[in-house]
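Structural description and commentary
The residues making up each chain are set out below.
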Amino acid sequence: MKKDFLALNAFSKKELDGLLDLALELKKKRKDGDKHRILKGKTLAMIFEKSSTRTRVSFEVGIYQLGGHGLFISSGTSQMGRGEPIKDTARTLSRYCDGIMIRTYGQEIVEELARYATIPVINGLTDLFHPCQIMADVMTVIEHKKGYKGLKFAWVGDGNNMANTWIEAAAIFGFDLALACPDGYLPDAKVLEWARSVAKSSIVVTDDPREAVKDADVLNTDVWASMGQEQEQKAREKAFAGFQLNAETVGLAKKDCIVMHCLPAHRDEEITDEVIEGPNSVVWDEAENRLHIQKAIMARLMGGA
Ligand code: CP
Ligand code: NVA
């Protein structure tokens with residue numbers, strides 16, 4: 001296992017499957033008292049340069065349940081916000097803590113942090129990737145569909161950090177993925193090139209949401225304007241018209257499909273209220289699984305579990 005959890009592409013299918021197994025086991029054994037406290041006395045620094053509900057709470061609760069302690073560090077109220085170099089932050093935190101989780105903008109920031117830190121660094125979302133979320137999502141698929149093998153996954157919407165990470169997941173785990181993204185909002189070209197160079201499964205990008213969702217087992221979407229793109233909201237609303245998970249698009253997928261959204265959702269933009277509240281939606285299990293998969297990631301990286 002690598003020291004850090006920055007992107008799925010650094011890991012083999014075996015390693016990621018192992019993390020999923022550990023997360024499922026930790027979920028089952030969460031009431032096991034002392035046996036569960038595998039990170040007793042360890043501390044996780046949690047750096048946030050963007051807002052969060054799920055990531056912050058699930059990491060903080062997760063490290064606590066494992067017997068450790070999480071420190072919330074907002075970049076705005078730390079010296080990072082005043083321009084202290086990331087490499088100096090990395091070396092300082094490495095003298096106090098046992099791991100760092102960071103949510104930030106560029107992927108190069110988490111990479112630099114990891115390069116200078118002597119402790120594990122976990123990516124809690126960048127503009128390019130959201131690996132903890134996709135691992136929680138795959139875990140949710142396993143629970144609802146008894147595995148991911150042979151399923152068709154569909155993505156409708158922005159070619160953003162979530163879409164990029166799904167592309168990596170499809171290549172590594174080996175499931176088929178069809179993404180419908182409007183022109184100008186395609187996934188990262190380098191991520192796609194890498195995924196297609198290693199994938200044995202099919203990874204298709206289209207501008208037709210109907211084609212992507214047709215007969216799909218797993219449907220996914222995300223907000224049209226991600227954090228940092230708020231000023232593009234209006235332009236994006238125009239570009240993404242028609243790229244919505246609604247009764248009609250969901251009706252083209254398999255009858256027993258599951259609908260996922262990493263949250264927060266903008267109801268009646270990328271997903272209708274009816275669909276997110278409907279019988280196919282698994283968004284609350286998905287949100288819960290952030291806790292379990294991140295405990296597995298921390299246990300493996302910080303505790304050698
Ligand atoms: N899905 C997710 O990462 O949620 P938060 O932005 O609330 O952390
Ligand atoms: N794509 C979204 C995901 C939020 C969890 C964003 O980056 O804002």
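Okay, so let's go over this structure. None of these values were measured; they are calculated from a predicted model. (Residues numbered from 1 in each chain as written. Chains lettered and ligands numbered in written order. Predicted model: local features only at pLDDT ≥ 70, side-chain atom pairs only at ≥ 80, totals over all residues. Heavy atoms only, no water.)

Our next topic: the site of ligand 2. In the vicinity of ligand 2, the residues found are Leu125, His130, Asn160, Asn161, Asp222, Ser226, Met227, Cys262 and Leu263. Between ligand 2 and Asp222, the relevant distance is 2.6 Å, taken from a nitrogen atom to a side-chain nitrogen or oxygen of the residue. For ligand 2, a nitrogen atom lies 2.7 Å from a polar atom in the side chain of Ser226. When isolated, ligand 2 has an accessible area of 270 Å², and the protein chains bury 94% of it. (Near = heavy atom within 4 Å. Polar contact = N/O pair within 3.5 Å; in protein donor to acceptor, adjacent residues only side chain to side chain. Areas by Shrake-Rupley, 256 points an atom, 1.4 Å probe, with all protein chains shown as cover.)

Taken together, Ser52, Thr53, Arg54, Thr55, Arg103, His130, Gln133, Cys262, Leu263 and Arg290 form the complete shell of residues around ligand 1. A distance of 2.7 Å separates an oxygen atom of ligand 1 from a polar side-chain atom of Thr55. Separating a nitrogen atom of ligand 1 from a backbone N or O atom of Cys262 is a distance of 2.9 Å. Burial of ligand 1 by the protein amounts to 95% of the accessible area it has alone, namely 250 Å². Split into classes, the residues belonging to the shell around ligand 1 amount to 2 nonpolar, 5 polar and 3 charged. (Nonpolar A, V, L, I, M, F, W, Y, C, P; charged D, E, K, R; others polar.)

Read across the open sheet, the 5 strands follow the order E7-E6-E5-E8-E9; overall the sheet is parallel. This sheet does not close on itself; its edge strands, each paired only once, are strand E7 (203–206) and strand E9 (258–261). Looking at each pair of strands side by side, their axes are set apart by 20 degrees on average, direction ignored. Taken together, the 4 bridges between strand E6 (residues 176–180) and E7 define a ladder with parallel strand orientation. (Pairing = 2+ DSSP bridges. Helix = DSSP H or I, 4+ residues; strand = E, 2+ residues; numbered from the N terminus. Axes fitted to C-alpha atoms, helices over the stretch in contact; angles between N-to-C directions.)

This brings us to the sheet that holds strand E2 (residues 69–74). Note: strands within a sheet are paired through backbone hydrogen bonds, in either parallel or antiparallel orientation. One open sheet accounts for 4 strands, arranged E2-E1-E3-E4; its pairing is parallel. Looking at which strands have only one partner, the edges of the open sheet turn out to be E2 and strand E4 (121–123). Along the sheet, successive strands turn relative to each other by an average axial angle of 20 degrees, direction set aside. Bridge count for strand E1 (residues 43–48) against E2 is 6 bridges, and the pairing is parallel. Of the residues in E2, the one forming a bridge with Ala45 is Leu71.

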